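In case you want the letters, here they are:
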Amino acid sequence: MHALIFDIERNSFVDGPGIRTTVFFKGCNLRCKWCHNPESQKKEKKIMFYKNKCTLCGRCQDIEEFDENFFCYNDAREICGKDYTTDEILKIVIKDKTFYDNSGGGVTFSGGECMLQTDFLLEILKKCKENGIHTAVDTAGHIPWEHFERVIPYTDLFLYDIKSMDSSVHKEYTGVSNELILENLSRLLDSNVPLWIRVPVITGVNDTEEEMEKIKNFVSGKEKCEKIELLPYHAMGEHKYEALGMKREEFEVPSEEKMQTLKNIIGF
């Protein structure tokens, strides 16, 4: 069994507790206008071309488009997406088990949307659990509930995105409504698995006090919601859009004062 992965980041401190390895699956069924990983969206290999690094040496002109053995000396050309087996992923993940054990960390499966490749995700989750590795699944939740039921027994923590509590706003900025997402979140909150909610704070979209109150009220009284993380928008993915030949929508970075106000309302 194979999955298309676009990045594996070791020594991560931002995708769950402790020191972690984050495995990024390719393919997503949302199209968030602020996406900072546009290379994750399509479940197919893509060529990323960084024009500013190219010296017009011509070495790449006569090779096949997805020749993974080709090496650009200037890092101007990059194939985004590589096929991995679960054993290959486990071999990478298990290298840092000592660090996981000492820090309370583990492995996080993210994306894109890792739940779109559920068969592979389930298999690698089982292998991680067999080796005593803490597992987290990072999801936007726009997936049939049956997929969650399959992976819950092998998942120690869910990282769950909330983009907006307003369905029409959600559809305008992500391409899908939020009914299924909130329904799945409600079911997860009633299950026996720890969960962190993550909210990308986007100016003019969901950065209001009213929005934070709605999120807080939605999870009120749910003991398994351990944390609500507010993640300020950033434009660090700008170079990726250019490399993919895609247009990027610009948003204003929220101020520190705004973020603190919203955090005070959330209270987590």
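Residues numbered from 1 in each chain as written. Predicted model: local features only at pLDDT ≥ 70, side-chain atom pairs only at ≥ 80, totals over all residues. Heavy atoms only, no water.

J.: Help me understand the pairing of strand β7 (residues 135-139), please; the structure alone is not making it clear to me.
T.: Each regular strand shows side chains that alternate between the opposite faces of the sheet. With respect to burial, β7 is a largely interior element, five of its five residues being buried. Bridge count between strand β6 (residues 106-110) and β7: three bridges; the pairing is parallel. Note that in β7 the partner of Val107 across the bridge is Thr135. In the classification by handedness, the crossover that spans β6, the intervening helix α3 (residues 118-130) and the parallel β7 is right-handed. Of the pairings in the sheet, the one linking β7 to strand β8 (residues 157-161) comprises four bridges and is parallel in character. Its bridge partner being in β8, Ala136 is matched across the sheet by Leu157. After leaving β7, the chain enters helix α4 (residues 145-151) and then returns to the sheet as β8, a path that is right-handed. (Buried < 20%, exposed > 50% of the residue type's maximum accessible area, 1.4 Å probe, protein only. Helix = DSSP H or I, 4+ residues; strand = E, 2+ residues; numbered from the N terminus. Pairing = 2+ DSSP bridges. Right-handed = clockwise from strand over helix to strand, strands pointing away.)

J.: Can you help me understand the layout of surface pockets in this one?
T.: Gaps between atoms show up when a probe of the same size as a water molecule is rolled over them. Computed from the structure, the largest pocket encloses a volume of approximately 1200 Å³. Lining the largest pocket we find 41 residues, and of these Phe24, His36, Asn37, Gly111 and His234 sit closest to its centre. Secondary-structure elements contributing two or more residues to the lining of the largest pocket are β1 (2-12), β4 (77-80), β7, β9 (195-201), β10 (225-232) and α8 (238-244). Of the residues that constitute the lining of the largest pocket, the class distribution is 18 nonpolar, 11 polar and 12 charged. Considering only enclosed or pocket space, the second largest pocket measures out at about 430 Å³ in volume. Secondary-structure elements contributing two or more residues to the lining of the second largest pocket are β1, β4 and β5 (82-85). (1 Å grid on protein atoms, 1.4 Å probe; cavity = no way out; pocket = protein on both sides within 12 Å on 5 of 7 lines; lining within 4 Å. Points joined across faces, edges and corners; volume = space filled by probe spheres on them. Nonpolar A, V, L, I, M, F, W, Y, C, P; charged D, E, K, R; others polar.)

J.: Please clarify how the nonpolar core should be interpreted in this entry.
T.: Burial of nonpolar side chains together is a common tendency in soluble globular proteins. With 50 residues, the main nonpolar core has Phe25, Ile89, Phe109, Leu121, Ile197, Ile228 and Leu230 as its most contacted residues. Residue contributions to this core peak at six residues, all from α3. Membership of the second largest hydrophobic core comes to 13 residues, among which are Cys32, Tyr173, Val176 and Tyr233. (Core = buried A, V, L, I, M, F, W, Y, C linked by side-chain atoms within 4.5 Å.)

J.: What's the story with the state of the cysteines in this structure? I'm lost.
T.: One way to say it: the disulfide is the covalent bond shared by the sulfur atoms of two cysteines. Inspection of every chain in the model, using the stated rule, returns zero disulfides. Cysteine Cys225 remains unbridged, with the sulfur of Cys114 as its closest cysteine sulfur at 18 Å. (Disulfide = S-S within 2.5 Å.)

J.: Help me understand the sheet that holds β6 in this model?
T.: Each strand in a sheet pairs with its neighbour through backbone hydrogen bonds, running either in the same direction (parallel) or in the opposite one (antiparallel). Taken in spatial order, the eight strands of this open sheet run β5-β1-β2-β6-β7-β8-β9-β10, and their pairing is mixed. The sheet is open, and its two edges are formed by β5 and β10, each paired on a single side. When the angles between neighbouring strand axes are averaged without regard to direction, this sheet yields 30 degrees. Examined bridge by bridge, β1 and strand β2 (residues 20-25) share five bridges and lie antiparallel to one another. Considered in β2, the bridge of Asp7 is made with Phe24. Taken strand by strand, helix α1 (residues 86-93) contacts β1, β2, β5 and β6, and its axis lies near 85 degrees from that of β5. Most of the contacts of helix α9 (residues 256-266) go to β10, to which it runs at about 165 degrees, and overall it touches β9 and β10. (Axes fitted to C-alpha atoms, helices over the stretch in contact; angles between N-to-C directions. Contact = heavy atoms within 4.5 Å.)

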